[in-house]
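Reading the structure
Single-letter residue listing:
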Amino acid sequence: MDIKKSTISVRSGLNIDEQHGCVVPPITLSTTYNFFGLNQPRLYDYSRRKNPTRDIAQQTLSDLEYGKNTIMTSSGMSAIYLICSAFLEPHDLLIAPHDCYGGTYRLLDALHKKGICKVLFIDQNDTKILLESLIYKPKLIFIETPSNPMLRIVDIYNICKLQKNILYVVDNTFMTPVFQNPLMLGADLVVHSCSKYLNGHSDLIAGAVVSKDTYISDKLAWWGNTLGITSSAFDSYQLLRGIRTLMPRVYQQQKNTKNIISFCQKQSQINTLYYPGLSSHPGHRIACKQQSGFGSIFSFELKGTKNMLLQFLQSLKLFTLAESFGGVESLIAHPATMTHAAMPESARKRAGINDMLLRISVGLEDSDDLIADLAQAFKSIE
Ligand SMILES: *Cc1c(COP(=O)(O)O)cnc(C)c1O
């Protein structure tokens, strides 16, 4: 039976408790498990390696991404670190987007400087540069699409079929498995920061790596246990609870975004609006091909001075100035000083992030209220 994603999200792991018939799977906090007898361990022996609650959350993610196996980690960053630890030697090259998530940039740059592996940041939309980079025989190509915060789109299918013997990894945090499934487009691994839409309530830090095949995931599981970066039972439970409502959340947030984008298109105080759902967006065509939605994040450059930007942010009441995205509440961020502060200014410029850029994560409030709030903030800087 081809089970749909809504059904997977809602029903994964239900009714597995035999002792009490719990509908919702109970959370297993025990760190350790008794042996049947000497040298007779159970499926579970120690929760760092394997835990029943984490297993359910992992299975859910595997099902949603059409993967074979998932390793849940303590954060999105540790998920990326896990991949580097498991697959890269000091002479191996990793190719990453020049405009990747700020934390990813910081991690990969630090690993490169420490000699853990080699890293090359390139514009993956520049076919010439991308093809040239293959001369260096990369071991791993890391893809992030849509990118943060410029919403640039790269063609997952085209990159993943470049060459065999390269590990293709896609950070799918922005789209979630609801709108994009990179394993179906040729990727070997999918990374998620579960701290965003997957949990959806801004009260959990966790990450995950979903693998296309078990050879890859066995290695990740070994490293996850060895490094000790698997997610806790409580966090795994919390994620599972968030995933129950994933589908209706992301669809409603996307609907709100459409309304807000229509409003923003009429705003004379906006210089450029970045949203892949707009036909004027350079990545629109590829987005239509590989995504089944455009999500609920957009960014724009405000016209005017730094003081106007400050005034605009201070006037907003329903958009909280904060890092992160994907929660039920609407947020606004200033990438240059917040999410991408870890990037050196030159790298930020290269990625197109200027000081007037703002990124909005649209939540589940009523879009009329959100629009009214934006309208009064724009009015305050007229
Ligand atoms: C947030 C984020 C990460 C890092 O995840 P954490 O859970 O915060 O460690 C990685 N990639 C993207 C695209 C993100 O948005």
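Small disclaimer: the values here were computed from a predicted structure and weren't measured. For every chain, the first residue of the written sequence is number 1, and numbering continues from 1 along that sequence. Under the rules for a predicted model, residues below a pLDDT of 70 receive no local features and side-chain atom pairs below 80 are neither given nor counted, while totals for whole chains, interfaces and linings still include all residues. With hydrogens and water set aside, each side-chain value is computed from the structure's full complement of heavy atoms.

1. A word on the pairing of strand 12 (residues 357-361)
As a reminder of what qualifies: Between buried and exposed lies partly exposed: a residue is buried under 20% and exposed over 50% of the maximum accessible area for its type, with that area taken using a 1.4 Å probe on protein chains only. Numbering of helices and strands starts at the N terminus; helices are DSSP runs of H or I of at least 4 residues and strands are runs of E of at least 2. Pairing between strands requires that DSSP locate at least two bridges from one strand to the other.
Counting buried positions along strand 12 gives 5 out of 5 residues, so the element sits mostly inside the fold. Burial of the side chains of strand 12 extends over both faces: Leu-357, Arg-359 and Ser-361 are buried on one face and Leu-358 and Ile-360 on the other. Across 5 bridges, the pairing between strand 9 (residues 297-302) and strand 12 is antiparallel. Note on strand 12: the bridge partner recorded for Ile-297 is Ser-361. Looking at chain direction, strand 11 (residues 331-333) and strand 12 are connected through 3 bridges and run antiparallel. Opposite Leu-331, over in strand 12, you have Ser-361 as the bridge partner.

2. Topic: the sheet that holds strand 9
A sheet is described by the order of its strands in space; here 5 strands give the open sequence 8-9-12-11-10, paired in mixed fashion. Looking at strand neighbours, the two that pair on one side only are strand 8 (270-274) and strand 10 (320-321), the edges of this open sheet. Across 2 bridges, the pairing between strand 10 and strand 11 is parallel. Within strand 11, the position partnered with Thr-320 by the bridge is Leu-331.

3. Examining empty space enclosed by the protein
Filter applied, for reference: A 1.4 Å probe that fits but cannot get out identifies a cavity on a 1 Å grid over protein atoms alone, an open set with protein on both sides within 12 Å along at least five of seven lines counts as a pocket, and a residue lines either if it has an atom within 4 Å of a point. Grid points are joined across faces, edges and corners, and a volume is the space filled by probe spheres set on the points. When residue character is reported, Ala, Val, Leu, Ile, Met, Phe, Trp, Tyr, Cys and Pro are called nonpolar, Asp, Glu, Lys and Arg charged, and the others, Gly included, polar. The split into domains, and so the bounds of each, comes from an automatic or database assignment of domains.
All chains considered together, the criterion is met by 2 cavities of 30 Å³ or more. What lines the largest cavity is Pro-97, His-98, Asp-99, Asp-123, Gln-124, Asn-125, Glu-144, Ser-147, Arg-152 and Val-154. Residues belonging to the lining of the largest cavity are distributed by class as follows: 2 nonpolar, 4 polar and 4 charged. Here the second largest cavity is characterised by a volume of approximately 30 Å³. The residue inventory of the lining of the second largest cavity, partitioned by class, reads 5 nonpolar, 3 polar and no charged. Among the domains, domain 1 (5-243) and domain 2 (247-379) are the pair contributing at least three residues each to the lining of the second largest cavity.

4. Quick notes on helix 14 (residues 367-379)
Which entries qualify depends on this criterion: Each residue after the first adds 1.5 Å to the expected span of a helix. Here the arc refers to the directions that run from the helix axis out to each C-beta atom. Two residues qualify as a contact provided that any one of their heavy atoms is within 4.5 Å of a heavy atom in the partner residue. In protein, a polar contact means a hydrogen-donor-capable atom and an acceptor-capable atom, both N or O and within 3.5 Å, with residues adjacent in sequence counting only if both atoms are side-chain atoms; elsewhere, any N or O pair within 3.5 Å suffices.
The end-to-end C-alpha distance of helix 14 is 18 Å, a good match for the 18 Å that 13 residues give at a rise of 1.5 Å each. The set of residues buried in helix 14 consists of Ser-367, Leu-370, Ile-371, Asp-373, Leu-374, Ala-377 and Phe-378. One side of helix 14 holds all its buried residues, which, seen down the axis, span an arc of 160°. In helix 14, the exposed positions angled more than 90 degrees off the buried face are occupied by Asp-368 and Lys-379. Turning to helix 14, the residues buried within the fold contact helix 10 (246-265), strand 8, strand 9, helix 12 (306-315) and strand 12. Its side-chain oxygen 2.9 Å from the backbone nitrogen of Asp-368, Asp-366 forms the N-cap of helix 14.

5. Let's talk about the site of the ligand
For the record, the criterion: To be near a molecule or strand, a residue needs just one of its heavy atoms within 4 Å of it.
Taken together, Ser-75, Gly-76, Met-77, Tyr-101, Glu-144, Asp-171, Thr-173, Ser-193, Ser-195, Lys-196, Ala-206 and Phe-325 are the residues near the ligand. Interatomic distance of 2.8 Å between a side-chain N/O atom of Ser-193 and an oxygen atom of the ligand.

6. Quick word on the environment of Asp-213
Within the secondary structure, Asp-213 is located in the loop between strand 7 (207-211) and helix 8 (214-227). Distance in space between the C-alpha atoms of Asp-213 and Leu-189 is 8.9 Å, their sequence separation being 24 residues. A distance of 3.1 Å separates a polar atom in the side chain of Asp-213 from the backbone nitrogen of Ile-216.

7. What about the pairing of strand 2 (residues 93-97)?
The test is simple: By convention, a crossover is right-handed whenever its connection, traced from the first strand over the helix to the second and viewed with the strands pointing away, goes clockwise.
Strand 2 sits mainly inside the fold: 5 of its 5 residues count as buried. A two-sided burial pattern is seen for strand 2, the buried positions comprising Leu-93, Ile-95 and Pro-97 on one face and Leu-94 and Ala-96 on the other. Direction of pairing for strand 2 relative to strand 3 (residues 118-122): parallel, over a ladder of 5 bridges. Its bridge partner being in strand 3, Leu-93 is matched across the sheet by Lys-118. As a crossover connection, the stretch from strand 2 through helix 4 (residues 102-113) into strand 3 is right-handed.

8. Here we look at the side chain of Asn-225
Looking at the secondary structure, you find Asn-225 in helix 8. Sequence-distant contacts of Asn-225, defined by excluding residues within four places in its chain, comprise Arg-48, Arg-49 and Thr-230.

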